[in-house]
Amino acid sequence: MKRLLGTLFGKISIIFLLLIFFLGLIQMLVSVQSSMDFVCESDQRINQDLAANLAGKFAPFLNDSLDHEAIRAMIHELMVMNPTVEIYLLHEDGTLLGFFGDSTNIVHKKVAVEPIHTFLNRDEKQRFPIMGVDPRSYVKKKIFSAERIRFNRNQEGFLYVIIGGELYDSILSSLRGSYILSTSFIAILVTLVFGAIVGLILFFFLTKRLHKMTDVVQEFEEGSFSKRIPVGSGDDVGRLALAFNNMAERIEENVKTLKKNDKERRDFIANISHDLRSPLASIQGYLETIIMKDAQLSTDERRKFMDTMYHNVTNLNHLVHQLFELSKLDSMESKPDFEAFSIGELVQDVVLKYKPQAEKKKINLETKIPLQLPLIIGDIGMIDRVLSNLVDNALRYTGNGGHVRVEVQPRSDHVCVHISDTGPGIPAEDLPHIFDRFYRVDKSRSRRSGGTGIGLTIVKRILNAHDTTITAESEVGMGTTFSFALKIQ
Ligand code: ADP
């Protein structure tokens, strides 16, 4: 029982059965009451003229003064003939003037006259039964018939006939044996039992769906994130299953993202360690050589060592700087400080900055900027960083004597910037990954040239913070073009 009550099925079933039991009980009580009302109603309707018919018999004893003895004898005679009636003679205020039998049985010496008036003033619409006071009973009211009478010449009164005095009392017992009533009781019982069985079966199937859901949720909780509940119908349970499935979908995605982030974090640390260790090991090696062989080293050798160490320190500094910037962008600490500025002027400044580097490699670094350009909205420092990274990459990866071109094109509500070079290009399989952290196409070459694999990641993050993105088109051996758009003021 305790186990049953612990389940939803058990609780619903017990509540349902109790409900059915009480409803059945109420329905039975209503049936008994309405049967009794029906019996009383038809009995009173049939006997409604009884008092009027009997009134004539009393008339001779009422004219001058009440002949109590004769009245008693008449009542006695009538009651012997029809034992199911009780006859009373009442004053118009309801006081008992004449009755039959022992006065000790009489508990009301005066009866209420309102029901009698209602009875006498009845019309077709009058509803039966009209219940009147039974002089022989404290609580029970009974059906009656009544008629106006005159006595002592000008006094008014009533002939009051309680119909079926004992009949009413025996109705209940007779109902017990009533065929109609017992049949309707059986019908009610069958309906209730049938309802209970069907209800329990329905609850069983309904809660079975919930059991299935619980199983799936438990499996999910234990780590089977791919588990889903079959939705079935669109009812409340179906909607709950759907809501769970959607939630499970999101949790599964989040878990995947967490795992991916975790892997990225580990790769990130491994990459940083590697990128820091190599130049540091190189610097340490050269320093040890200088310390140990100081006297034996020629000026040229020392100069060469110093140059290499300087190169390594520069690379390290660049890496640390890039990492710092990326971490700031990751934590959204550096949010864009939006302002309107001229992208044409900014491109000119960046290109000017990289002119010496281009000249060193005899690269033709050119710009194509229309004279009339609208101002764009963005963080000038961040866009400077984007342009610098892209131009720097283009110059680093393009061979001597190549071309690098920065082009600005105004559109209806934005300005497009394209940075194209005649470098080695990026293989199609690498193209989707170049914006990932630490992704380098040619690992060793990129490292040697001071590449960190972070530059393009920073570019993408900055442009994302500006609600825009960057695209790259490339053909191996022909060159690469990076493009992005910025909103105009
Ligand atoms: P890195 O510091 O290594 O240049 P980036 O994130 O800037 O890192 O670039 C990622 C990779 O994309 C580079 O290692 C390089 O292989 C490739 N790449 C970027 N720009 C160019 C370009 N203009 N031409 C050819 N390859 C490029």
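Note that the structure is predicted; figures quoted are calculated from it, not measured. (Residues numbered from 1 in each chain as written. Predicted model: local features only at pLDDT ≥ 70, side-chain atom pairs only at ≥ 80, totals over all residues. Heavy atoms only, no water.)

*Asks:* Teacher, can you tell me more about the overall build of the protein here?
*Replies:* Helices and strands together make up the secondary structure of the protein, namely 13 helices and 12 strands. What you see for the protein is a C-alpha radius of gyration of 54 Å, clearly larger than the 23 Å of a compact globule of 489 residues, by over 25%. Dimensions of the protein, computed from the C-alpha atoms along their principal axes, are close to 165 × 60 × 40 Å. Within the span of the protein, comprising 489 residues, buried residues form 37% of the whole. Taking the intrachain contacts of the protein between residues at least 6 apart in sequence as the baseline, contacts between residues at least 24 apart amount to 68%. Of the roughly 29100 Å² of accessible surface on the protein, a fraction of 59% belongs to carbon and sulfur atoms. (Helix = DSSP H or I, 4+ residues; strand = E, 2+ residues; numbered from the N terminus. Rg over C-alpha atoms; globule rule 2.2 N^0.38 Å. Buried < 20%, exposed > 50% of the residue type's maximum accessible area, 1.4 Å probe, protein only. Contact = heavy atoms within 4.5 Å. Areas by Shrake-Rupley, 256 points an atom, 1.4 Å probe, with all protein chains shown as cover.)

*Asks:* Is there a simple way to explain the packing of aromatic side chains in this structure?
*Replies:* The description of an aromatic ring pair rests on the distance of the ring centres and on the angle between the ring planes. Within the structure shown, the criterion is met by 12 aromatic pairs. Ring centres 4.9 Å apart and planes at 50° place the aromatic pair Y286 and F305 in the tilted group. In this pair, Y286 sits in helix 8 (residues 236-292) while F305 sits in helix 9 (residues 299-330), placing the two residues 19 residues apart along the sequence. Relative to F482, the ring of F435 lies with its centre 6.3 Å away and its plane at 85°, an arrangement referred to as edge-to-face. With F435 in the loop between strand 10 (414-421) and helix 12 (443-448) and F482 in strand 12 (residues 479-487), this pair connects stretches of sequence that are 47 residues apart. Of the aromatic side chains, those joined through ring pairs into one cluster are Y88, F119, F144 and Y160. Above the face of the F119 ring, R122 is positioned so that its terminal group lies 4.2 Å from the ring centre. When the ring centre of F268 is taken as origin, the NZ or CZ atom of R437, which lies over that ring, is 4.6 Å away. (Phe/Tyr/Trp six-rings, centres within 6.5 Å; stacked < 30°, edge-to-face > 60°. Lys NZ or Arg CZ within 6 Å of the ring centre and 35° of its normal.)

*Asks:* Even after reading the chapter, I still don't get the sheet that holds strand 10, so can you show me in this structure?
*Replies:* Sheets are built from strands paired through backbone hydrogen bonds, the pairs being either parallel or antiparallel. Taken in spatial order, the five strands make up an open sheet running 7-9-10-12-11, and their pairing is mixed. In this open sheet, the two strands that pair with only one neighbour each are strand 7 (364-368) and strand 11 (470-475). Averaged over all pairs of adjacent strands, the angle between strand axes in this sheet comes to 15°, irrespective of strand direction. Sheet strands touched by helix 10 (residues 343-360): strand 7, strand 9 (403-410), strand 10 and strand 12. Its angle to strand 7, the strand with the most contacts, is close to 175°. The sheet contacts of helix 11 (residues 380-397) involve strand 7, strand 9, strand 10, strand 11 and strand 12, and relative to strand 10 the element is tilted by about 20°. (Pairing = 2+ DSSP bridges. Axes fitted to C-alpha atoms, helices over the stretch in contact; angles between N-to-C directions.)

*Asks:* Sorry if this is basic, but what is going on with the sheet that holds strand 2 (residues 96-98) here?
*Replies:* The strand order 2-1-5-4-3 describes an open sheet built from five strands, whose pairing is antiparallel. The open sheet has two free edges, formed respectively by strand 2 and strand 3 (131-133), since each of these has just one partner strand. With strand direction ignored, the average angle separating the axes of adjacent strands in the sheet is 45°. Sheet topology places strand 1 (residues 85-91) next to strand 2; two bridges connect them, and they run antiparallel. By the bridge assignment, L90 is partnered in strand 2 with L96.

*Asks:* Just to check I follow, could you spell out the side chain of H418 for this structure?
*Replies:* On the secondary structure map, H418 appears in strand 10. Overall, the relative accessible area of 18% leaves H418 in the buried class. A polar atom in the side chain of H418 sits 3.0 Å from the side chain of Q409. Polar side-chain contacts of H418 include one of 2.8 Å to the side chain of S483. If near-sequence neighbours (up to four positions away) are discounted, H418 is found in contact with R405, V406, E407, Q409, T481, F482 and S483. (Polar contact = N/O pair within 3.5 Å; in protein donor to acceptor, adjacent residues only side chain to side chain.)

*Asks:* What am I meant to see in helix 13 (residues 455-465) here?
*Replies:* For an α-helix the count is 3.6 residues per turn, leaving residues at separations of three or four pointing the same way. The complete set of buried residues in helix 13 reads G455, L456, T457, I458, V459, I462 and L463. The inward-facing, buried residues of helix 13 abut helix 9, helix 11, strand 11 and strand 12. In the stretch just after helix 13, D467 is the one whose phi turns positive, near 60°.

*Asks:* Hey, could you run me through the nonpolar core in this one?
*Replies:* As a rule of thumb, soluble globular proteins bury nonpolar side chains together. With 47 residues, the main nonpolar core has I343, L387, L390, F482 and F484 as its most contacted residues. Top element by residues in this core is helix 11. It accounts for eight residues. The residues contacting L387, other than those within four sequence positions of it, are I343, L346, V347, V350, V417, I419 and F484. (Core = buried A, V, L, I, M, F, W, Y, C linked by side-chain atoms within 4.5 Å.)

*Asks:* Which parts of the structure should I look at to understand unusual backbone geometry?
*Replies:* A cis amide bond, omega -5°, links F128 with the succeeding residue P129. With respect to the secondary-structure elements, P129 resides in the loop between helix 5 (114-120) and strand 3. The residue K362 is not glycine, and still its phi comes out positive at about 55°. When you line up the elements, K362 lands in the loop between helix 10 and strand 7. The exposure class assigned to K362 is exposed, which follows from its relative accessible area of 64%. Despite not being glycine, F438 has its phi angle at roughly 65°, a positive value. Inspection of the secondary structure assignment puts F438 in the loop between strand 10 and helix 12.

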